[in-house]
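Listed here are the chains, written in short residue letters.
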Amino acid sequence: MNAIATAPVTSAPAENPWHNAQRQFDQAAELSHLDPGLRAVLREVKRQLIVTFPVKMDDGSVRVFEGYRVQHNMARGPAKGGIRYHQGVTLDEVKALAMWMTWKCAIAGLPFGGAKGGIVVDPKHLSEGELERMTRRYATEISVIIGPEYDIPAPDVNTSPKIMAWIMDTISMEQGFSVPAVVTGKPLSVGGSQGRNAATGRGVMFVALEACTRLGIDPKASTVAIQGFGNAGSIAARLMDAQGFTIAAVSDSSGAIHSADGLDIDRLIAHKKATGSVTGFPGASAIAASDVLEVRCDLLVPAALENQLTSENAGRIQARLILEAANGPITPDADILLEQRGITVVPDVLANAGGVTVSYFEWVQDLQSFFWDEDEINARLEKVMHRAFTEVWDSAKQHGVSLRQGAYLLAIERVAEATTDRGIYP
Ligand code: NAD
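Every value quoted in this text rests on a predicted model; they were computed, and no experiment measured them.

1. Quick look at the overall build of the protein
- Broken down by element type, the protein carries 13 helices and 13 strands.
- Within the protein, buried positions represent 59% of all 426 residues.
- Once local pairs closer than 6 in sequence are excluded, the contacts in the protein between residues at least 24 apart make up 69%.
- Looking at charge distribution, the protein has the averaged site of its 39 positive side-chain charges lying 1 Å from that of its 49 negative ones.

2. A word on the packing of helix H3 (residues 91-107) against helix H13 (residues 403-422)
- Taken N-terminus to C-terminus, the directions of H3 and H13 make an angle of 90 degrees; their axes are 8 Å apart at the nearest point. On the basis of the axis angle, H3 is roughly perpendicular to H13. Between H3, through Trp100, Thr102, Trp103, Ala106 and Ile107, and H13, the contact on the second element is made entirely by Ala407, Tyr408, Ala411, Ile412, Arg414 and Val415.

3. What to know about the packing of aromatic side chains
- Inspection of the entire model under this criterion finds 10 aromatic pairs.
- Ring plane angle 0 degrees and centroid distance 5.6 Å describe the contact between Phe25 and Trp103, whose orientation is recorded as stacked. Of this pair, Phe25 sits in helix H1 (residues 17-31) while Trp103 is found in helix H3, placing the two residues 78 residues apart along the sequence. Each member of the pair Phe25 and Trp103 is classed as buried.
- Considering the side-chain rings of Phe389 and Trp393, the 5.8 Å spacing of their centres and the 20 degrees angle between planes classify their relative orientation as stacked. One end of the pair, Phe389, and the other, Trp393, are both in helix H12 (residues 374-399), 4 residues apart, so they sit about a helical turn from each other.

4. Here we look at the site of the ligand
- The immediate surroundings of the ligand are formed by 23 residues, with Asp156, Asn158, Thr200, Asn231 and Asn327 found nearest.
- Isolated, the ligand exposes 820 Å² of accessible area, and the fraction of that covered by the protein chains is 85%.
- Counting only elements with at least two residues in the shell around the ligand, the list comes to helix H6 (196-215), helix H7 (231-242) and strand S8 (246-252).
- By residue class, the composition of the shell around the ligand is 8 nonpolar, 10 polar and 5 charged.

5. Side note on H3
- Between the first and last C-alpha of H3 there are 25 Å, a value that for 17 residues agrees with the 24 Å anticipated at 1.5 Å per step.
- H3 sits mainly inside the fold: 16 of its 17 residues count as buried.
- Just downstream of H3, Gly109 is the residue with a positive phi angle, here 75 degrees.

6. Some points on the domain arrangement of the protein
- Taken domain by domain, the protein holds domain 1 (17-182) and domain 2 (199-346).
- Averaged C-alpha coordinates put domain 1 and domain 2 at centres separated by 26 Å.
- Listed per partner, the contact involves 14 residues of domain 1 and 12 residues of domain 2.
- Buried surface at the junction of domain 1 and domain 2, summed over both partners, amounts to about 940 Å²; 46% is from carbon and sulfur atoms.
- Sorting the residues of domain 1 by area buried against domain 2 places Asn20, Arg23 and Trp100 first, and these three jointly supply 39% of that buried surface.

7. Quick notes on unusual backbone geometry
- At the junction of Tyr425 and Pro426, the peptide bond is cis and its omega measures out at 10 degrees in the coordinates.
- The backbone of Asn158 shows a phi angle near 65 degrees, a positive value even though the residue is not glycine.
- Within the secondary structure layout, Asn158 lies in the loop between strand S6 (151-155) and helix H5 (161-175).
- Since its relative accessible area comes to 35%, Asn158 is described here as partly exposed.
- A positive phi is found at Asn307, a non-glycine position, where the angle reads about 55 degrees.
- Position of Asn307 among the secondary structure elements: in the loop between strand S11 (299-302) and strand S12 (321-323).

8. Considerations on the pattern of salt bridges
- Applying the stated criterion across every chain, the model contains 26 salt bridges.
- In this structure, Arg84 and Asp156 form a salt bridge, with 2.6 Å as the shortest nitrogen-oxygen distance. You can see Arg84 sitting in strand S4 (residues 79-86) and its partner Asp156 sitting in the loop between S6 and H5, a full 72 residues away along the chain.
- Classification of Arg84 by relative accessible area gives buried; the value is 3%.
- With a relative accessible area of 17%, Asp156 lands in the buried category.
- A salt bridge links Arg404 to Asp348; the nearest nitrogen and oxygen atoms lie 3.7 Å apart. Of this pair, Arg404 sits in helix H13 while Asp348 sits in helix H10 (residues 348-351), and the two are 56 residues apart along the sequence.

9. Focus on H1
- End to end, H1 covers 21 Å across 15 residues, agreeing with the expected 21 Å (1.5 Å per residue, within 8%).
- Turning to H1, its buried residues are Pro17, Trp18, Asn20, Ala21, Gln22, Gln24, Phe25, Asp26, Ala28 and Ala29.
- Next to the buried residues of H1 lie helix H2 (36-42), H3, helix H9 (332-340) and H13.
- The backbone nitrogen of Trp18 lies 2.8 Å from a side-chain oxygen of the residue at the head of H1, namely Asn16.
- Two residues or fewer after H1 comes His33, characterised by a positive phi angle close to 50 degrees.

10. Description of the sheet that holds strand S7 (residues 223-227)
- Strand order in the open sheet formed by 7 strands is S10-S9-S8-S7-S11-S12-S13, and the pairing between neighbours is mixed. At either margin of the open sheet sits one strand with a lone partner, and together these are strand S10 (285-287) and strand S13 (344-346). The average undirected angle you get between the axes of adjacent strands in this sheet is 20 degrees.
- Here S11 pairs with S12 via 2 bridges, running parallel. Note that in S12 the partner of Leu300 across the bridge is Ile322.

Quick notes on the rules
- Residues numbered from 1 in each chain as written.
- Predicted model: local features only at pLDDT ≥ 70, side-chain atom pairs only at ≥ 80, totals over all residues.
- Heavy atoms only, no water.
- Helix = DSSP H or I, 4+ residues; strand = E, 2+ residues; numbered from the N terminus.
- Buried < 20%, exposed > 50% of the residue type's maximum accessible area, 1.4 Å probe, protein only.
- Contact = heavy atoms within 4.5 Å.
- Lys, Arg positive; Asp, Glu negative; His and termini not counted.
- Charge placed at Lys NZ, Arg CZ, Asp CG, Glu CD.
- Axes fitted to C-alpha atoms, helices over the stretch in contact; angles between N-to-C directions.
- Parallel < 35°, antiparallel > 145°, perpendicular 65-115°, else oblique.
- Phe/Tyr/Trp six-rings, centres within 6.5 Å; stacked < 30°, edge-to-face > 60°.
- Near = heavy atom within 4 Å.
- Areas by Shrake-Rupley, 256 points an atom, 1.4 Å probe, with all protein chains shown as cover.
- Nonpolar A, V, L, I, M, F, W, Y, C, P; charged D, E, K, R; others polar.
- Expected span 1.5 Å × (residues − 1).
- Domains from an automatic or database assignment.
- Buried area = accessible area lost by both parts, 1.4 Å probe.
- Salt bridge = Lys/Arg side-chain N within 4 Å of Asp/Glu carboxyl O.
- Polar contact = N/O pair within 3.5 Å; in protein donor to acceptor, adjacent residues only side chain to side chain.
- Pairing = 2+ DSSP bridges.

Here you go:
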């Protein structure tokens, strides 16, 4: 064993996502006159696991990584939520993401609670072998609290179907038999679901159409800017493009591009696959990364990370409608400014619920060993998104509040009802 090196720890973002998540919850709890006891329960996470574990690197050294798995609430069913590999991951970020998952599952009407996991790592600096060994060891470390009946992980930023297959295989090896329902977002070959990979982007497309109808916006006369061109962003771009929207600007972690006439999304996806970035795409002009949020457009889709729209730049946003494909991209202060400016925000807990909805379908299929075709998955997803959008819209209108607050009121009511019906043990 060679020298032991510690994974670099990066500073937490200036805005703490956990404080933002609690602030959003507190506002809705206040509005709904939530019982103080329930409020105290729901504003904290149920369980938080910190794991520190060694991985053998290709050069023979050992590197120590820190990872997390957090379960916010399990009153409505097993916990559900993705796993993120990113150098900026913190325990507070994972706690926020776990709480948002609880509300999202309740809004989509799924029998799940909320969880999230992450490792502090920039996976771009790992070889394939290092990535696999790190994933398998992390899966073993968190295996004490995950399982088909307890907590079911899924992909998130920088994690993929292949990584989900390694997690499924690791848990299966430890059990001695295949446990496909322990994780969703797997490849089709090991119990994945048709339509799961595109589900988050497809859900974003469905809510975009719903919101446009309500607001009297014509998709075919609308331009869109998208921040982040990974699973959520690139598939939302492709499916919105197919509905007639003009995708005028996109960005990823390497930079941003713009074309007023619209980008050819299929060619852009091929370009990103070939070069690793959206930058340098022929026919598009380069713009500053921050400008993707501020360009002239009708719809804005943040699909990267938290805290991208803040009180600093909210005054310069030109879109009429924002769809939060990412989790937590708008800070509470920015939310207030956007609302004052009459900009409609479809919140993350609704806009990106397509991913967890098809994850639910995948889990159900795995438990039954009976698989559905893609048309059936997409039709069921559309039904869930339509119902969730309508309920959130109606809740907001009924209470005279924003769509985010309308969504929170609905979610908190459902989770509070389950918690009350179950009672406090013992
Ligand atoms: P991903 O790893 O597939 O893609 C992330 C993208 O964001 C990449 O293109 C990356 O280059 C880009 N990016 C990172 N930092 C950026 C920055 N500062 N500026 C611009 N672009 C940046 O991840 P994903 O699965 O698409 O997740 C993106 C967001 O969507 C996250 O907030 C995630 O929690 C949320 N989400 C994902 C799913 C899912 O099923 N994958 C479901 C619900 C919500």
